[in-house]
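# What the coordinates show
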Amino acid sequence: MKKIVTIVVVVMGLVMAGNSVQAQGKIGFISLQELIPTMPEYRKADTALNDYQTALGQNFDDMRKEYMEKDSLMNSKDTIKYTKAQLELKKRELTEMLGKLQGWQQQAQQMYQQKQQELIAPIQKKAVDAVNTVAKENGFTYVFTKEALLVSPPAEDLLPLVKKKLGVK
């Protein structure tokens with residue numbers, strides 16, 4: 001009798017374990033790096049970013065041109081007409097401009113990154129929301145980013161489903 005009870009308990013345990021494994025659900029993956037550039041909002045943001053980068057570059061060129069003109073003036077014979085105090089002020093101004101030029105690259109890069117975040121963040125949020133919706137609608141329990149996986153069990157690529165949900169080809 002004890003053997004029968006033990007066998008029944010073991011069989012019930014195996015059945016329950018089988019059900020819990022089955023209840024884990026489906027696993028999927030997606031590449032947001034492939035999805036986001038296909039969205040129409042991204043194209044608009046990319047164009048705006050390119051325009052912003054061009055404007056930053058033009059600003060740098062203007063600053064550099066102004067510096068070169070003032071530097072040429074300071075190294076010409078025309079400096080004779082300035083007093084010693086005026087020359088000192090112009091040299092200080094030139095030094096400040098040089099410092100500003102040298103710091104501009106880093107400042108422009110920070111400004112660009114901030115603008116990029118401002119424009120791309122809503123697009124990323126929309127993409128992630130669509131992935132969540134598709135995962136919920138199709139019974140996916142886990143969705144991984146494709147780029148983060150080196151080795152993974154067989155899973156379904158959600159990219160076509162999410163593109164369809166967003167109306168992107």
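Procedures and definitions
Residues numbered from 1 in each chain as written. Predicted model: local features only at pLDDT ≥ 70, side-chain atom pairs only at ≥ 80, totals over all residues. Heavy atoms only, no water. Helix = DSSP H or I, 4+ residues; strand = E, 2+ residues; numbered from the N terminus. Buried < 20%, exposed > 50% of the residue type's maximum accessible area, 1.4 Å probe, protein only. Contact = heavy atoms within 4.5 Å. Areas by Shrake-Rupley, 256 points an atom, 1.4 Å probe, with all protein chains shown as cover. Pairing = 2+ DSSP bridges. pLDDT = per-residue confidence, 0-100. Axes fitted to C-alpha atoms, helices over the stretch in contact; angles between N-to-C directions. Parallel < 35°, antiparallel > 145°, perpendicular 65-115°, else oblique. Nonpolar A, V, L, I, M, F, W, Y, C, P; charged D, E, K, R; others polar. Phe/Tyr/Trp six-rings, centres within 6.5 Å; stacked < 30°, edge-to-face > 60°. Lys NZ or Arg CZ within 6 Å of the ring centre and 35° of its normal. Expected span 1.5 Å × (residues − 1). Lys, Arg positive; Asp, Glu negative; His and termini not counted. Salt bridge = Lys/Arg side-chain N within 4 Å of Asp/Glu carboxyl O.

Moving on, we come to the overall build of the chain. Assigned secondary structure in the chain consists of five helices and three strands. Listing each helix as α and each strand as β along the chain from the N terminus yields α-β-α-α-α-β-β-α. Split into buried and exposed, the 169 residues of the chain put 21% on the buried side. By sequence separation, contacts in the chain at least 24 residues apart represent 85% of the contacts at least 6 residues apart. For the chain, the exposed surface amounts to about 12,600 Å²; the carbon and sulfur share of it is 57%.

Overall, parallel pairing links the three strands, which are arranged β2-β1-β3 in an open sheet. Either end of the sheet is taken by a strand with one partner, and the two such strands are β2 (140-145) and β3 (156-157). Sheet topology places strand β1 (residues 26-30) next to β2; five bridges connect them, and they run parallel. Counted as the bridge partner of K26 is F140 from β2.

Do not read the predicted coordinates in detail wherever pLDDT is low. Overall, the prediction assigns the chain a mean pLDDT of 83, with 86% of residues at 70 or greater. This model gives residues 17-22 a pLDDT under 50, and the stretch forms zero contacts once residues within four places in sequence are excluded.

One can describe the packing of helix α3 (residues 40-74) onto helix α4 (residues 84-137) by two numbers: an axis separation of 10 Å at closest approach and a directional angle of 180 degrees. Viewed along their axes, α3 and α4 adopt a mutual orientation that is roughly antiparallel. Per-class residue counts for the contact of α3 with α4 are 22 nonpolar, three polar and 11 charged.

Here the focus is the packing of aromatic side chains. For the structure on display, the rule yields one aromatic pair. Arranged with centres 6.4 Å apart and planes meeting at 10 degrees, the rings of Y142 and F144 form a pair that is stacked. For K115, the ring lying beneath its charged end belongs to Y52, and the centroid distance is 5.4 Å.

Take α3 next. In a regular helix each residue adds 1.5 Å, so 35 residues correspond to 51 Å; α3 covers 52 Å between its end C-alpha atoms and thus fits that length. Among the residues of α3, A45, L49, L56, F60, M63, Y67 and M74 are the ones counted as buried. Next to the buried residues of α3 lie α4.

One can find K163 in helix α5 (residues 159-166). E34 provides the closest opposite charge to the buried, salt-bridge-free K163, at an N-O distance of 6.2 Å. K163 has contacts with L35, T38, V168 and K169, leaving out every residue within four places of it along the chain.

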